[in-house]
Amino acid sequence: MAVYSLGGTIAMTTDPATGGVVPALSAHDLLAAVPGLDRHGIDLRVHDFRRVPGASLTFDDLTELGAAIDKTLDGGDVDGVVITQGTDTIEETAFFLDLHHGHDQPVIVTGAMRNPTMAGPDGPANLYAAVLAATDPQLRGAGVLVVLNDEIHAARHVRKSHTTSPAAFTSPGAGPIGRIAEDRVRLASPLPTRVAPLAPAARDARVGLYTVSLGDDGTLLEAWDSLCDGLVVAAFGVGHVPQRLVESLERLAARIPVALASRIGNGPVLTGTYGFPGSEKDLIGRGLIPAGNLGPYQARLLLQALLAQGADQETITSKFSALAC
């Protein structure tokens, strides 16, 4: 099994110069702190890939990581992969990697909410559970998963829903697909349905994320014009915006792909219930692409990945439809 360490809270220790914690521990350090892992006889191939906070990870980092994982899994002698990183961007890393992951071996992303200098750090327990999950044959074909707090979440549904709680990661509307107890995976639902992996990026693509808010007059929305290759609108409720934004969104959607997501993060964007100007039915009729159950962050990653490989509007709409359930 392979372990890739990217840094984050799980790898942090106190910086004597500032008194704050910074990423400093290696992947070997992290594994050495996990009690009982050695009794399972799992052969671990350890890679110190990055040592950065989760907030500082980039598309280039994740593209290089995905390529390294593919090379490792192409050999066929690795049962699975574990990635440790900062929790700030775990839900985005997991979804990004899942879009491109084409192997049967599972990739498990984990981290920690409590750094190693705190009482009761959760990093060792999360890493222990992640290693067990990565080597469990029940999870072959599951794609990329997130494991924290002994829960297993699908990349498509997982959200970080609390800033400090060890139980911060949830899957609104779906729930975890399983849990780990007594050193084994216990599935609670079928494995997530997977779609064909996306091709690697052929060009750079910039996708904006615009969150609609009360009293929005559209001035900031207009500022996005000509600055991005695609845009995700995090709308009210089931996909609604103020009427005064409608014409601006229609103009943008005529020039670039614009995806319509909900800012709520739980539940789908509808497609045909409301019909007033600025409703979901009205906006889709003006060219916006419904994101279904995908949250704004996942919708942005999907749109960016599709634009980076040169996908046209029809292909983008089709992919959103396939992944939105």
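Note that the coordinates shown come from a computational prediction; the quantities given were computed from them, not determined experimentally.

(A) Region of interest: helix α3 (residues 90–100). Taken across its eleven residues, α3 has eight buried, putting it largely inside the fold. Buried residues of α3: Ile90, Glu91, Thr93, Ala94, Phe95, Phe96, Leu97 and Leu99, and no others.

(B) Structural context of the sheet that holds strand β14 (residues 230–235). The strand order across the open sheet formed by four strands is β13-β14-β15-β16, and the pairing between neighbours is parallel. On the outer flanks of this sheet lie β13 (207–211) and β16 (289–290), each paired with one strand and no other. Alignment of β14 against strand β15 (residues 258–262), held across five bridges, turns out to be parallel. The residue of β15 that forms the bridge with Ala235 is Ser262.

(C) Inspection of the pattern of salt bridges at higher detail. Scanning the entire structure with this criterion turns up twelve salt bridges. Through salt bridges that share partners, Arg50, Asp61 and Glu64 make up one connected network.

(D) Region of the structure containing the side chain of Glu151. Mapped onto the secondary structure, Glu151 falls in strand β8 (residues 151–154). Given a relative accessible area of 18%, Glu151 falls into the buried group. Separated by 3.2 Å, the side chains of Glu151 and His153 make a polar contact. Sequence-distant contacts of Glu151, defined by excluding residues within four places in its chain, comprise Val146, Phe169, Pro176, Gly178 and Arg179.

(E) Molecular detail of unusual backbone geometry. Phi at Asn149 takes a positive value of approximately 55°, unusual for a residue other than glycine. Take Asn149: it is sitting in the loop between β7 (144–148) and β8.

(F) Looking closely at the environment of Thr14. Residue placement: Thr14 occurs in strand β2 (residues 12–14). Residue Thr14 is classed as partly exposed on the basis of its relative accessible area of 39%. When the C-alpha positions of Thr14 and Ile152 are compared, they lie 30 Å apart, and in sequence the two are 138 residues distant. Beyond its immediate stretch of four places on either side in the chain, Thr14 contacts Gly19, Gly20, Val21 and Thr117.

(G) Up close: helix α2 (residues 59–74). The terminal C-alpha atoms of α2 lie 22 Å apart, and with 16 residues this matches the ideal 22 Å at 1.5 Å per residue to within 8%. When α2 is considered as a whole, its buried residues turn out to be Asp61, Leu62, Leu65, Gly66, Ile69, Thr72 and Leu73. Along the axis of α2, the buried positions cluster into a sector of 130°, meaning they face one direction only. Of the exposed residues in α2, those oriented more than 90 degrees away from the buried face are Asp60, Lys71 and Asp74. Check the buried side of α2 and you find it contacts β1 (2–7), β4 (45–52), β5 (81–84), α3 and β6 (107–110). Backbone geometry just downstream of α2 places Gly76 in the positive-phi region, at approximately 80°.

So, how was this worked out
Residues numbered from 1 in each chain as written. Predicted model: local features only at pLDDT ≥ 70, side-chain atom pairs only at ≥ 80, totals over all residues. Heavy atoms only, no water. Buried < 20%, exposed > 50% of the residue type's maximum accessible area, 1.4 Å probe, protein only. Helix = DSSP H or I, 4+ residues; strand = E, 2+ residues; numbered from the N terminus. Pairing = 2+ DSSP bridges. Salt bridge = Lys/Arg side-chain N within 4 Å of Asp/Glu carboxyl O. Polar contact = N/O pair within 3.5 Å; in protein donor to acceptor, adjacent residues only side chain to side chain. Contact = heavy atoms within 4.5 Å. Expected span 1.5 Å × (residues − 1). Arc of directions from axis to C-beta.

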